[in-house]
Amino acid sequence: MTETIVKLTSTDFDEAIAHLSVVFNDSNFAQLVPALYEPTDRHMGCNLAVRRSGRIAAIVGVFPIDWVVGGTRLKLAGIGGVSVHPDFRGQGLMRLLMDAAMTEIERAGYHAACLGGNRRRYGHWGFEKAGVEAAFVVTANSLEHLDRSTLIAGHDPFHIEPAADSDLPAMHALSCRRPIHCTRASESFPRHLRNWRRQPLVLHSSGSRVAGYACFDPQDASCVDCCFENDAALRSFLAIQTAAAGRPLRMFVPFIRDQQFAHLEALADDSSLIESGNWRIYDWPAVLGALLRVKHAATPLAPGSCTVRIAEARRPGAPATSDSVTFRMSADRDVSCHLCDDPPDIETDGVRLLRALASPLPSDLPRTASPLAQWRPLPLMIPMQDRI
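This one's a predicted model, so the numbers in the text were calculated from it and none came from an experiment.

The next thing to look at is the packing of helix H9 (residues 231–245) against helix H10 (residues 259–267). Interhelical geometry of H9 versus H10 gives an angle of 40 degrees and a closest axis separation of 10 Å. Classified by the interaxial angle, the pair formed by H9 and H10 is oblique. H9 and H10 meet at a crossing whose hand is right-handed. Contacts from Asp-231, Leu-234, Arg-235 and Leu-238 of H9 reach H10 at Gln-259, Gln-260, His-263, Leu-264 and Leu-267.

Listed below in structure tokens is the structure:
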């Protein structure tokens, strides 16, 4: 049977949300990720679908993300809403739509793609569970030793309130200061803050100036999108919100040893590294170069270089028949990652390289690739409020 794949439109919004709500057992899927699902052709056109007997039987969404890594803007495809209605499972519809989505991603020239879900399932399309993010557990005991004078800035006490419309411009500016972030249009920024039913909380000074914010999940007392103007603001948020929640806070931040990371590392009672999702890289030099530069800016990398050849990877700009790409990664005062024709120090495939460079698990890199072992793990991630 030849299936017709269509792109949804604004007129399909209600039916699509009903379908997704059934598949994901959610009362209203549009409220779960409001930044992605709106009744407009632009938003709904990101969704590929198959209909059976006039009904939506399956959906796969490909959502374009403007991914900013340091000073580099990258084109990232977020795959989400992968769903087959219970009435139509076992008929190959997910594979059909995922194949179509991958073709669309390759044709559009994305630098990388990411999605959540089962590692083994999406490994069929070249994805690997990777990315690194740090989770810090901060308790009341963590903060006992702090001098209370460190919890104010210029003798100006802080307090926490739910985000108001008047706070949004300052919050947006803080969000864009992060070393790794995704561009959020001003009009969609409030919806991003409420993705995954989190609550945006603002740290105000006594004069109602925005000194920081985080998106809080009352279900597990986790905080993501943690953006604070200085160390005093971060410490004050931790002290106030830990007391308000009445239990430990879990603070999620990129694995970049910047000032915020260092303070959380010093204060936390516990910490762990977690994988950020399933990833596939298309433009290796662009993505790895950007990640290397971000990490080098926070903590200078050990000097060295390594030439890598990836089998079955398409060289940027090369014809579809090309089956490998070779690039050189180097670090000294500056870092670089560029295409080359040098003999490789290591030859591998994309899945193994991704696991070796950007996973919290131990790597199996050979001695010829010793610089990579010193540089890993790279901070491959997008903020949780931008995840699909």
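Next comes the rest of the account.
For the rest of this paragraph, the subject is the sheet that holds strand E19 (residues 346–349). Spatially, E18-E17-E16-E19 is the arrangement adopted by the 4 strands of the open sheet, whose pairing is mixed. Two strands bound the open sheet, and with one partner strand each, they are strand E18 (335–339) and E19. Mean inter-strand twist for the sheet, computed between neighbouring axes without regard to direction, equals 25 degrees. Pairing of strand E16 (residues 304–311) with strand E17 (residues 324–331), which is carried by 8 bridges, proceeds in the antiparallel orientation. Pairing of Ile-310 across the sheet is with Val-325, part of E17. Where helix H11 (residues 284–298) meets the sheet, its contacts fall on E16, E17 and E18, and the angle it forms with E18 comes to roughly 175 degrees. Strand contacts of helix H12 (residues 350–357): E16, E17 and E19, with the helix running at about 110 degrees to E19, the strand carrying the most contacts.

For E17, a buried count of 6 out of 8 residues is recorded, marking the element as mostly surrounded by other parts of the structure. Across 5 bridges, the pairing between E17 and E18 is antiparallel. Bridged to Ala-331 within E18 is Val-335. Hairpin geometry of E17 and E18 is characterised by an intervening segment of 3 residues between the two adjacent antiparallel strands.

Thresholds, definitions, all that
Residues numbered from 1 in each chain as written. Predicted model: local features only at pLDDT ≥ 70, side-chain atom pairs only at ≥ 80, totals over all residues. Heavy atoms only, no water. Axes fitted to C-alpha atoms, helices over the stretch in contact; angles between N-to-C directions. Helix = DSSP H or I, 4+ residues; strand = E, 2+ residues; numbered from the N terminus. Parallel < 35°, antiparallel > 145°, perpendicular 65-115°, else oblique. Left-handed = near helix turned anticlockwise from the far one by under 90°. Contact = heavy atoms within 4.5 Å. Pairing = 2+ DSSP bridges. Buried < 20%, exposed > 50% of the residue type's maximum accessible area, 1.4 Å probe, protein only.

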